[in-house]
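Chain by chain, the residues run as shown.
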Amino acid sequence: MDVSVIRTTCLMFEVTAKQIHELKEHISQAQLSTVIESHRNTLLCAQCLQDTLNLSLLVQLTFCSAIWCLMLFYILLMGFDSRILNVLILLLIVTVETYMYCTLGTQLTDKGNEVLMALQQLAWYNQSIAIQKQILFMISRSQKPIILTAGKLFCANVLQFSEMVQKSYSFYLVLKNVF
């Protein structure tokens, strides 16, 4: 469910960017109102997505790091035998699930940036003052990056995923040296 909601929000940003790209040299108020409404709805959807997934992503990323560290330590203690295969499969599933969330977070940020880029490519300076103000307001709002966060502490993106893997491995090495 989470994946489909994040992908839908990404598609909404993509549609908004395409609507902006399709604006002609002379933009009518009706065309701009349609784009503004689409942009507003997309930003609202992104905010609702963030509010909904905030806590669950925090749990996912936090427990994933702990699971990686502890499972590697468990494998070290138990040695390689038939029971370890189940642990390795579980480790793989947790890794894929966490990577998926982080990849989708990166895609969401990228799609939000596409809207900003589309707005910046508009010839807004050739428009009437009223339309210029509305476009500039959209540009200023789009400059705030769309970031999927976990508990407002971590960004869910691919860079964060690689940092989590590195830190989990570091904790594993500490546990290995202590025991």
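Just above, that's the structure.
About the criteria used
- Residues numbered from 1 in each chain as written.
- Predicted model: local features only at pLDDT ≥ 70, side-chain atom pairs only at ≥ 80, totals over all residues.
- Heavy atoms only, no water.
- Helix = DSSP H or I, 4+ residues; strand = E, 2+ residues; numbered from the N terminus.
- Rg over C-alpha atoms; globule rule 2.2 N^0.38 Å.
- Lys, Arg positive; Asp, Glu negative; His and termini not counted.
- Charge placed at Lys NZ, Arg CZ, Asp CG, Glu CD.
- Phe/Tyr/Trp six-rings, centres within 6.5 Å; stacked < 30°, edge-to-face > 60°.
- Contact = heavy atoms within 4.5 Å.
- Axes fitted to C-alpha atoms, helices over the stretch in contact; angles between N-to-C directions.
- Nonpolar A, V, L, I, M, F, W, Y, C, P; charged D, E, K, R; others polar.
- Patch = residues over 30% accessible without salt bridge, like charges linked within 9 Å, V, L, I, M, F, W, Y side chains within 5 Å.
- Areas by Shrake-Rupley, 256 points an atom, 1.4 Å probe, with all protein chains shown as cover.
- Salt bridge = Lys/Arg side-chain N within 4 Å of Asp/Glu carboxyl O.

S.K.: Break down the overall build of the protein chain for me, citing the residues and quoting the values.
M.R.: Across its full length, the protein chain holds 5 helices and 2 strands. A globule of 179 residues ought to have a C-alpha radius of gyration of about 16 Å, yet the protein chain, at 22 Å, is considerably larger. A principal-axis box enclosing the C-alpha atoms of the protein chain has dimensions of 70 × 25 × 25 Å. Averaging the positions of the 12 positive and the 11 negative side-chain charges in the protein chain gives two centres separated by 5 Å.

S.K.: Before we move on, can you summarise the packing of aromatic side chains with the specific residues and values?
M.R.: Scanning the model with the defined rule gives 4 aromatic pairs in all. Aromatic pair Trp-124 and Tyr-125: ring centres 5.8 Å apart, planes at 70°, arrangement edge-to-face. Aromatic pair Tyr-169 and Tyr-172: ring centres 5.7 Å apart, planes at 40°, arrangement tilted. On the criterion of helical spacing, the pair formed by Tyr-169 and Tyr-172 is a turn pair, its members being 3 residues apart in helix α5 (residues 158–178). Among the aromatic side chains, those forming a connected cluster through ring pairs are Trp-68, Tyr-99 and Phe-161.

S.K.: Provide a residue-level description of the side chain of Thr-9, including the pertinent values.
M.R.: The topology assignment puts Thr-9 in helix α1 (residues 2–21). Contacts of Thr-9, omitting those with residues within four sequence positions, involve Thr-42, Cys-45, Ala-46, Leu-49 and Leu-108.

S.K.: Outline the environment of Phe-179, supporting the account with residue identities and numerical values.
M.R.: Here Phe-179 shows up in the segment after α5. Residues Phe-179 and Phe-73, spaced 106 residues apart in sequence, show a C-alpha to C-alpha distance of 9.6 Å.

S.K.: Could you give an account of the packing of helix α3 (residues 82–120) against α5, naming the residues involved and the relevant values?
M.R.: Relative to each other, α3 and α5 sit at 145°, their axes nearing to 7 Å. On α5, the residues that touch Thr-95, Thr-98, Tyr-99, Cys-102, Thr-103 and Thr-106 of α3 are Val-158, Phe-161 and Met-164. Residues that form the contact of α3 with α5 fall into these classes: 5 nonpolar, 4 polar and no charged.

S.K.: Could you give an account of a nonpolar patch on the surface, naming the residues involved and the relevant values?
M.R.: On the surface, Leu-55, Val-59 and Phe-63 cluster together into a nonpolar patch covering about 300 Å² of accessible area. Structurally, Phe-63 is set in helix α2 (residues 29–78).

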